[in-house]
Amino acid sequence: MANVQSALEWLESNEDAAFQRLCDWLRIPSVSTDPEFNAETRRAAEWAKDHLEASGLDVRLVETGAPDAPGHPIVLAESPGSGDGPHILFYGHYDVQPPDPIEGWRTGPFDPVIESVEGTSDRKVVARGACDDKGQVASFLEALRAWKEAGAEPAGGVRFTVLLEGEEESGSVNLEHFLETHAQNLSKCDVCVISDTAMLAPGRPAITYGVRGIAYTEVTLHASDQDLHSGSWGGKVPNPISELTKVLSKLWDGDRKIQIPGFYAAVREIEPVERTNWENLGVDAAASLRGIGLGPEANVGEAGYSFLEREWGRPTAEINGIWGGYTGAGAKTVIPTHASAKVSFRLVADQDPDDIRDKFFAWLESNTPEGCRWETTDLHGGPPATVSTDSEMLSTAASAIEKAAGVKPELIKTGGSIPVAGLLKSRLGLETIFMGFGLETDRVHSPNEEFRLSCFSLGARSHIMFIDALRG
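Just so it is clear, the structure is predicted and the values come from calculations on it, not from any experiment.

Thresholds, definitions, all that
In this convention, every chain numbers its residues from 1, walking through the sequence in written order. Selection of residues for local features in this predicted model requires a pLDDT of at least 70, selection of side-chain atom pairs for listing and counting requires 80 or more, and totals for whole chains, interfaces and linings are taken over all residues. With hydrogens and water stripped out, all remaining heavy atoms of the structure feed into the side-chain values. The helix and strand labels rest on DSSP assignments: H or I over at least four residues marks a helix, E over at least two residues marks a strand, and numbering proceeds from the N terminus. Remark: exposure states derive from per-residue accessible area (1.4 Å probe, protein chains only) relative to the maximum for the residue type, with buried under 20%, exposed over 50%, and partly exposed in between. Polar contacts here mean pairs of N or O atoms no more than 3.5 Å apart (in protein, one a potential hydrogen donor and the other a potential acceptor; neighbouring residues in sequence count only if both atoms are side-chain atoms). Every residue pair with non-hydrogen atoms within 4.5 Å of one another is taken to be in contact. In this description, a line fitted to the C-alpha atoms serves as the axis of each element, helices being fitted only across the stretch in contact, and the angle between N-to-C directions of two axes falls anywhere from 0 to 180 degrees. Oblique is the label for any angle not covered by the other classes, which are roughly parallel (under 35 degrees), roughly antiparallel (over 145) and roughly perpendicular (65 to 115). Here a crossing is called left-handed whenever its near helix is offset anticlockwise from the far helix by less than a right angle, and right-handed whenever the offset is clockwise. Two strands pair if DSSP finds at least two bridges between them. Grouping buried Ala, Val, Leu, Ile, Met, Phe, Trp, Tyr and Cys residues that are joined through side-chain atoms within 4.5 Å yields what is termed a nonpolar core. Aromatic contacts are taken between Phe, Tyr and Trp rings whose centres are within 6.5 Å, Trp giving its six-membered ring; a plane angle under 30 degrees counts as stacked, one over 60 as edge-to-face, and the others as tilted. Counted as over-ring charges are cases with an Arg CZ or a Lys NZ within 6 Å of the ring centre that also lie within 35 degrees of the ring normal. Under the scheme applied, nonpolar residues are Ala, Val, Leu, Ile, Met, Phe, Trp, Tyr, Cys and Pro; charged residues are Asp, Glu, Lys and Arg; polar residues are all the others, including Gly.

**A closer look at the side chain of S344**
Mapped onto the elements, S344 comes out in strand β15 (residues 338-347). A relative accessible area of 6% means that S344 is categorised as buried. Within the structure, S344 has its side chain in polar contact with the side chain of N320 (distance 2.7 Å). The contact partners of S344, leaving out residues within four places of it in the chain, are A215, Y216, T316, A317, E318 and N320.

Below, the structure written as structure tokens:
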């Protein structure tokens, strides 16, 4: 009978091959938000399907969307299991962010290269999706492969449902419908496991017990029905760019507190014990800022909260993009007809993204510049998710990571959003355990995204140990 040691030995002896398999997946430009990449996004799904099938799981691609507006397929796999242990839902995503700006990449974003990590014996792969989320999902896939190659039943005999989404980076627009139509089967699962978060630092593994939600919008301020000569009309009519920036600048007061009425009404305050625990983690704010090219004076945010508290326990408002008028080479002196911005809000428990979106749009209307009108669009949203830190399953996951890393994982939160966690909780009553193996330095969503071989290996070993614990 296969045991955990044989699975670990197979993984170690095939580590380079596993890393090369990840590179094969990274070469597929599965940019879900851009229709130009639809065929490649499907190819990435098919790659994952083949990988899971080779590990002995029953796999199918589930189409999403409607005939006139098809979405990207969901990879759905099952391992029946033979024991009485828990049924685990593993969620990940195979789509990636657009690679822009292309000029920021040292090499092609979909031409993965393996480089040395300066000052260490470690290596890393550089490519779009290296960490978010192909690299982390691949560490789980290789754990399944290790158990299969060691002679065990699929997934070591543990009951797994694997759900790999192809639209996480473009708003998960079809996920809620998928969960509703497959609720009967998915509700048989006992807990969800996601690998899409980070550790505190190299050698400091962590389990994330809270992610923020998101409300993401696009707003356009319209004025004249044609572009205007700025000499003839400047100072006589509203300039949408100027007016838009004036309005958006009112989102915060001098203490960087958000000024939308009722915005903080549902916010769950940070518990005193959390403050103490986070402070004891010893996170070096100055070092984090230095890692992105900023000095300590850049440690700014909502007054009364620390660097870490502002990320893990407080909501934010951000302008993610703004445009209007002439932006080409040379001069063109116009007052444009309109100006637009993308505005997002990161939310904490117990805020509701629909409520925040509605409050924001109402606030815009109440601040409409004279002679102008708003056009507002809800791009997507997702609820926050905070889970219990004293559950038996979280303890099992923490023990697995400790055995794999030789270090007990810390309990942390993250400022990012994983909308499926909130959906699983609200729709199916499922809690989520975030077993993540990324690093703050992985340049997620930026050019030259990376994932270390040591993190990839730790993720695979941790999932092997987790499966072993679930075998009973």
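**Some points on the packing of helix α4 (residues 134-149) against helix α15 (residues 453-471)**
A pair of packed helices can be characterised by two numbers: the angle between their axes and the separation between those axes. Where α4 meets α15, the closest approach of the two axes is 8 Å, and the angle between their N-to-C directions is 50°. Here α4 is positioned oblique relative to α15, judged by the angle of their axes. Judged by the twist between their axes, the crossing of α4 over α15 is right-handed. Listed contacts from α15 to G135, A138, S139, F140, E142, A143, L144, A146 and W147 of α4 are F456, G459, A460, H463, I464, I467, D468 and R471.

**A look at the sheet that holds strand β13 (residues 316-324)**
As summarised here, the arrangement of the four strands in space is β13-β15-β11-β16, forming an open sheet in which the pairing is antiparallel. The sheet is open, and its two borders are formed by β13 and β16 (373-382), each paired with just one other strand. Recorded for the sheet is a direction-independent mean angle of 15° between the axes of neighbouring strands. Pairing of β13 with β15, which is carried by eight bridges, proceeds in the antiparallel orientation. Of the residues in β15, the one forming a bridge with A317 is F345. Here helix α8 (residues 240-249) sits on the sheet in contact with β11 (213-222), β13, β15 and β16, set at roughly 20° to β15.

**Considerations on the nonpolar core**
When a protein is soluble and globular, its nonpolar side chains tend to lie buried together. Ranked by internal contacts, the top residues of the largest apolar core, which has 69 residues, are W25, L52, L164 and I464. Counting residues per element, this core draws most heavily on α15, which supplies 10 residues. Residues V219, I260, A341 and L347 belong to the second largest nonpolar core, which totals 26 residues.

**Notes on the packing of aromatic side chains**
The relative placement of two aromatic rings is captured by the distance of their centres and the angle of their planes. Counted by the stated rule, this structure contains 10 aromatic pairs. Considering the side-chain rings of F90 and F140, the 3.7 Å spacing of their centres and the 5° angle between planes classify their relative orientation as stacked. Taken together, the residues F90 in strand β5 (residues 87-93) and F140 in helix α4 connect sequence positions 50 residues apart. The pair F90 / F140 is uniform in exposure class, with both members buried. In textbook terms, an aromatic cluster arises when at least three aromatic residues are bridged by ring pairs, as seen for F263, Y264, F345, F360, F361 and W363. When the ring centre of W233 is taken as reference, the NZ or CZ atom of K236 above it lies at 4.7 Å. Note that K257 overlies the ring of Y264, its terminal NZ or CZ placed 4.4 Å from the centroid.

**What to know about the sheet that holds strand β20 (residues 450-452)**
Spatial strand order, β6-β7-β20: three strands in an open sheet with antiparallel pairing. The strands lining the two open edges of the sheet, one partner per strand, are β6 (113-116) and β20. The sheet shows a mean angle of 30° between the axes of neighbouring strands, direction not considered. The pairing of strand β7 (residues 123-126) with β20 spans three bridges and is antiparallel. The residue of β20 that forms the bridge with K124 is R452. Contacts between helix α2 (residues 15-26) and the sheet are confined to β6, β7 and β20, with β7 contributing the most and set at about 15° to the helix. The strands that α15 touches are β7 and β20; relative to β20, the one it contacts most, it runs at about 65°.

**As for the packing of helix α1 (residues 4-13) against α4**
Where α1 meets α4, the closest approach of the two axes is 8 Å, and the angle between their N-to-C directions is 120°. In this structure, α1 meets α4 at a crossing whose hand is right-handed. Counted together, V4, A7, W10 and L11 of α1 and E142, R145, A146, W147 and E149 of α4 form the full contact between these two elements. Looking at the contact of α1 with α4 residue by residue, the class counts come to six nonpolar, no polar and three charged.

**What to know about the pairing of β6**
Sheet topology note: the β6/β7 ladder contains four bridges and is antiparallel. Across the sheet, the residue bridging to V113 is V126, located in β7. As consecutive antiparallel partners, β6 and β7 are separated by six residues, and within that stretch G119 has a phi angle of approximately 80°, a positive value.

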